[in-house]
Amino acid sequence: MITGDSVTVEFGSWERIFTGRARHTIPLPAVRQAVITDQPLRVPRGARKGLTVSGHTKIGVWGIYGGPRQLVSANRNLPGVHLLLDRARSGDEFDEVVLSVPDADRLVEAIREAAR
């Protein structure tokens, strides 16, 4: 959901267990890049705290011991939105957010437009 000067991601009950949060808000000025990925399961890397169902689903936090820290809720059946963030501007703990959504094209375009 894009409102004012931020993007808010609301997680479902199952996702909340593994992400450790009901929602996550990102200030639009902190979004350096928003891209679509056809293979969102390939983006998360590093050590994780969360759920991996091999080849199907990844939900949680990746990069907990180093590398980019990623908040992830990705599924092989849906395209992904990959947000690269400026951590200093967001004041947040994440460098990237990876989400699977049915309307990834529309969402990425809306984020790009709102960030301008």
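Residues numbered from 1 in each chain as written. Predicted model: local features only at pLDDT ≥ 70, side-chain atom pairs only at ≥ 80, totals over all residues. Heavy atoms only, no water.

What is the right way to look at the packing of aromatic side chains in this model?
Here a ring pair, both rings aromatic, is described through the centre-centre distance and the interplanar angle of the planes. Summed over the entire model, instances satisfying the criterion amount to one aromatic pair. Ring centres 5.5 Å apart and planes at 70° place the aromatic pair Trp 14 and Phe 18 in the edge-to-face group. With Trp 14 and Phe 18 both in helix α1 (residues 13–19) and four residues apart, the pair spans about one turn of that helix. For Trp 14, a relative accessible area of 53% gives the class exposed. (Phe/Tyr/Trp six-rings, centres within 6.5 Å; stacked < 30°, edge-to-face > 60°. Helix = DSSP H or I, 4+ residues; strand = E, 2+ residues; numbered from the N terminus. Buried < 20%, exposed > 50% of the residue type's maximum accessible area, 1.4 Å probe, protein only.)

Help me understand the pairing of strand β2 (residues 6–10), please; the structure alone is not making it clear to me.
Side-chain positions along a regular strand alternate between the two faces of the sheet. Most of β2 sits out of view: four of its five residues are buried. Across two bridges, the pairing between strand β1 (residues 2–3) and β2 is antiparallel. Counted as the bridge partner of Ile 2 is Val 7 from β2. As consecutive antiparallel partners, β1 and β2 are separated by two residues, and within that stretch Gly 4 has a phi angle of approximately 55°, a positive value. Both β2 and strand β3 (residues 23–27) contribute to a ladder of five bridges, which runs antiparallel. In the sheet register, Glu 10 faces β3, and the bridge partner there is Arg 23. (Pairing = 2+ DSSP bridges.)

Any chance you could explain the sheet that holds strand β6 (residues 57–62) here in plain terms?
Within a sheet, each strand pairs with its neighbour through backbone hydrogen bonds, oriented either parallel or antiparallel. The six strands are arranged β4-β8-β9-β7-β6-β5 in an open sheet whose pairing can be described as mixed. Single-partner strands in this sheet number two, and they are β4 (31–37) and β5 (48–53). The average angle at which neighbouring strand axes cross in this sheet is 10°, direction not considered. (Axes fitted to C-alpha atoms, helices over the stretch in contact; angles between N-to-C directions.)

Is there a simple way to explain the pattern of salt bridges in this structure?
Any two side chains of opposite charge can pair, so long as their charged atoms come close to each other. As enumerated under the stated definition, the model contains five salt bridges in all. Between Asp 95 and Arg 87 there is a salt bridge whose closest N-O contact spans 3.2 Å. Where salt bridges share partners, they join Arg 21, Arg 69 and Glu 93 into one cluster. (Salt bridge = Lys/Arg side-chain N within 4 Å of Asp/Glu carboxyl O.)

What is the right way to look at the sheet that holds β3 in this model?
With antiparallel pairing, three strands are arranged side by side in an open sheet as β1-β2-β3. Edge positions in the sheet fall to β1 and β3, since each has one partner strand and no second.

I tried to follow the nonpolar core on my own but got confused; where do I start?
Generally speaking, soluble globular proteins have nonpolar side chains that are buried together. Ranked by size, the top nonpolar core spans 20 residues in total, and within it Val 31, Val 81, Leu 83, Val 97 and Ile 111 carry the most contacts. Where this core is concerned, the elements lending two or more residues are β2, β4, β8 (80–85), β9 (96–100) and α3 (104–115). Broken down by element, the residue count for this core peaks at four residues, all from α3. Formed by six residues, the second largest nonpolar core is a distinct cluster that contains Leu 41, Trp 62, Ala 74 and Val 98. (Core = buried A, V, L, I, M, F, W, Y, C linked by side-chain atoms within 4.5 Å.)

Would you explain the environment of Ser 73 in this entry?
Structurally, Ser 73 is set in strand β7 (residues 70–75). C-alpha separation for the pair Ser 73 and Glu 109, spaced 36 residues apart in sequence, amounts to 20 Å. In contact with Ser 73, not counting residues within four places along its chain, are Phe 11, Glu 15, Lys 58, Ile 59, Val 98, Leu 99 and Ser 100. At a separation of 2.4 Å, a polar atom in the side chain of Ser 73 contacts the side chain of Glu 15. (Contact = heavy atoms within 4.5 Å. Polar contact = N/O pair within 3.5 Å; in protein donor to acceptor, adjacent residues only side chain to side chain.)

Remember that the coordinates give geometry; whether it matters functionally is a separate question.
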